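# Chain and residue survey
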Amino acid sequence: LRAVQRGAIARSALAGALSGLACALAEMWADRHLPGQLVAYWALVGGVTVVAAAIEIGFIYWDTLRSVHELARVAGLELFGADRKTNDEALVDALARAALELPNPADLNVRVNPHREAQKWRLVLASLMYKAKIGVTNFLLKLVIRRLLSRAALRAWLPLVAVPVTALWNGVISYLVLREARIRALGPSAILELVNVVFEGAPQLSAAGRLSAVRAVASAIVRTQDLHPNLVRLLSAVGERTGGLGVEELDDVGLFLAALKTLEPRELRVTLQVLAVACIVDGKLTSRERALWREALQAAKRDVDFRGLEKLRLSFVRGDGLADDVLRAF
């Protein structure tokens, strides 16, 4: 998975460098051959910039989608079924959203095509804003270099600053996108494994214990304010192990915390382990998730400790196979 991620980042950075180089060479040629001819100057520089940016962004979107599909394949996920007639729609949607940097849907029951949800003008606007960020960085860096350099011969090469700047921006953005896609690709197998760890050898849960385990995931969703696909899958997996989601209100964090005080120790252990998985399965441990963990431990009259939770998160993100043992130690 990391090899696929590194390859996509390298190609994205290379595409940015080539796009920046094309724009820089056009600007340098125009400076030399079209001095004072503003219309011709900007027609050339602007035209090359637009064409180069369009090719660059189109390639990055295509390559990112292709790389995300490769992540799924390497992770052993069959996105479209052996006969390409059946597919895991939730997983396909989640990976496509990660690749296209689109938000998660706001409703558990709504299956939304990422392209239809994001209007075309919004995708274009997002691309222009991304290029604008690069442009601002280029401008500021050129300004600093102009202050430092005094020789005209060196200043003539300033347009080439765009090459490393664009490559760096693309590399950073691709890292963030592919990291999220890798976490989503890890999700199905990791959630199955970790839920098995929680419930293997667990006692027969009472109705209150089953409800508490499901509410642990629901509370994490409320605190993150996001239907991350891994959390949605975890909610479904825990619901299956506890006999369904039932009809009770699930997303009241206050009810969840209050019920922790009444659980038997073995049921409390199951609930807190489920909560630990819910807090880290999106690959992050935000301040709101940390607050939920703290409040749950305080309600359960346990010592507040984040070391185990952070260790579990790192093991999950790395995919190093140690998450099972870390979770059993809770």
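Each remark here, short or long, concerns the structure printed above.
Attention here is on the structure that accompanies the text. (Residues numbered from 1 in each chain as written. Predicted model: local features only at pLDDT ≥ 70, side-chain atom pairs only at ≥ 80, totals over all residues. Heavy atoms only, no water.)

## Some thoughts on helix H3 (residues 89–100)
The end-to-end C-alpha distance of H3 is 16 Å, a good match for the 16 Å that twelve residues give at a rise of 1.5 Å each. Within H3, nine of the twelve residues are buried, leaving the element largely enclosed by the surrounding structure. Of the positions making up H3, those classed as buried are Leu91, Asp93, Ala94, Leu95, Ala96, Arg97, Ala98, Ala99 and Leu100. Just downstream of H3, Glu101 is the residue with a positive phi angle, here 55°. (Helix = DSSP H or I, 4+ residues; strand = E, 2+ residues; numbered from the N terminus. Expected span 1.5 Å × (residues − 1). Buried < 20%, exposed > 50% of the residue type's maximum accessible area, 1.4 Å probe, protein only.)

## Regarding the packing of aromatic side chains
In this structure the tally under the stated criterion is three aromatic pairs. With centroids separated by 6.0 Å and ring planes inclined at 40°, the aromatic side chains of Phe59 and Trp62 adopt a geometry described as tilted. Taken together, the residues Phe59 and Trp62, both in helix H2 (residues 38–74) and three residues apart, mark about one turn of the helix. Looking at Trp62, the relative accessible area reads 52%, which means it is exposed. Between Trp293 and Phe330, the ring centres sit 5.9 Å apart and the planes meet at 80°, which makes this aromatic pair edge-to-face. With Trp293 in helix H12 (residues 287–299) and Phe330 in the segment after helix H14 (323–328), this pair connects stretches of sequence that are 37 residues apart. With a relative accessible area of 3%, Trp293 lands in the buried category. Take Phe330: its relative accessible area is 25%, and that puts it in the partly exposed class. The ring of Phe306 has Arg290 sitting right over it, with the charged end atom 4.0 Å from the ring centre. (Phe/Tyr/Trp six-rings, centres within 6.5 Å; stacked < 30°, edge-to-face > 60°. Lys NZ or Arg CZ within 6 Å of the ring centre and 35° of its normal.)

## Topic: the side chain of Arg313
Turning to its location among the elements, Arg313 is positioned in helix H13 (residues 307–318). By relative accessible area, which is 13% here, Arg313 ends up buried. Leaving out residues up to four positions away in the same chain, Arg313 has contacts with Arg179, Ile280, Gly283, Lys284 and Leu285. (Contact = heavy atoms within 4.5 Å.)

## Describing unusual backbone geometry
Phi is positive for Lys301, which is not a glycine, with a value near 60°. Within the secondary structure, Lys301 sits in the loop between H12 and H13.

## A closer look at the nonpolar core
Counting 56 residues, the largest nonpolar core has Leu234, Val238 and Val274 as its most contacted members. Secondary structure elements with two or more residues in this core: helix H7 (162–199), helix H8 (207–224), helix H9 (229–241), helix H10 (253–260), helix H11 (265–280), H12, H13 and H14. The greatest single-element share of this core, amounting to ten residues, is contributed by H11. One finds Leu91, Ala98, Ile173 and Ala181 within the second-largest nonpolar core, a separate group that totals 15 residues. (Core = buried A, V, L, I, M, F, W, Y, C linked by side-chain atoms within 4.5 Å.)

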